[in-house]
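Structural characterization, general
One letter stands for each residue in the lines below.
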Amino acid sequence: MKLDTDSPEFWNRVEREMRNTDPNAFVLFNLLLKAGIYLALFTAAYLVLYNVLEPPRGFFVTPFEIAVHPFFWGIFGVILIVTGAILRYRAMGPAMERVRAKSY
C-alpha cells in the first residue's frame, strides 16, 4: 500500500527511519533545536525583564554581559535553530526515499 506524504503515518515512519538509521545525528539535531529554542526564549525573557524591571545602576551586570550583549545570545539561539533544522532537512530526504521504497 502506497503511503501519501500528507498522512501522519508516513511522517511517523520517516521519523522512525531517521531515528533507526543514524541515532547520533537524530539526537544532535534535536539537541540543537531544543538548545536554540531555550536560548532564544531565555534571552527574550531576560531582555524584557531587564528593561521592565530595570535594576539599579551597576547591578546584575556581569563581565559576560559586558563582553557579549544579550542580543547576541538570541542571535546565537537562532543560529542553533537554523543549523538543527538544516541538518534535520538533509537527513529527512534519504529517510523519505527509503520509506517510499518500502511502501510500494
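Look a little higher up for the structure.
Residues numbered from 1 in each chain as written. Predicted model: local features only at pLDDT ≥ 70, side-chain atom pairs only at ≥ 80, totals over all residues. Heavy atoms only, no water.

**So, the packing of helix α2 (residues 23-52) against helix α4 (residues 70-103)**
Contact geometry of α2 with α4 gives a least axis separation of 7 Å together with a crossing angle of 155°. One element, α2, and the other, α4, form an angle in the roughly antiparallel class. Considering only the axes of α2 and α4, their crossing is left-handed. Class assignment for the residues of the contact of α2 with α4 results in 20 nonpolar, seven polar and one charged. (Axes fitted to C-alpha atoms, helices over the stretch in contact; angles between N-to-C directions. Helix = DSSP H or I, 4+ residues; strand = E, 2+ residues; numbered from the N terminus. Parallel < 35°, antiparallel > 145°, perpendicular 65-115°, else oblique. Left-handed = near helix turned anticlockwise from the far one by under 90°. Nonpolar A, V, L, I, M, F, W, Y, C, P; charged D, E, K, R; others polar.)

**Examining α2**
With 30 residues, α2 ought to run about 44 Å at 1.5 Å a step, and its terminal C-alpha atoms sit 43 Å apart, in line with that. Among the residues making up α2, those that are buried are Phe26, Phe29, Leu32, Leu33, Gly36 and Thr43. Buried residues belonging to α2 abut α1 (8-21) and α4. (Expected span 1.5 Å × (residues − 1). Buried < 20%, exposed > 50% of the residue type's maximum accessible area, 1.4 Å probe, protein only. Contact = heavy atoms within 4.5 Å.)

**Points about the packing of α1 against α4**
Interaxial distance between α1 and α4 falls to 8 Å at its minimum, and their mutual angle equals 115°. Judged by the angle between their axes, α1 and α4 are roughly perpendicular. When you trace α1 past α4, the crossing you get is right-handed. Two secondary-structure elements touch here, α1 through Phe10, Trp11, Arg13, Val14, Glu15, Glu17, Met18 and Thr21 and α4 through Arg88, Ala91, Met92, Ala95, Met96, Arg98, Val99, Arg100 and Lys102. Per-class residue counts for the contact of α1 with α4 are nine nonpolar, one polar and seven charged.

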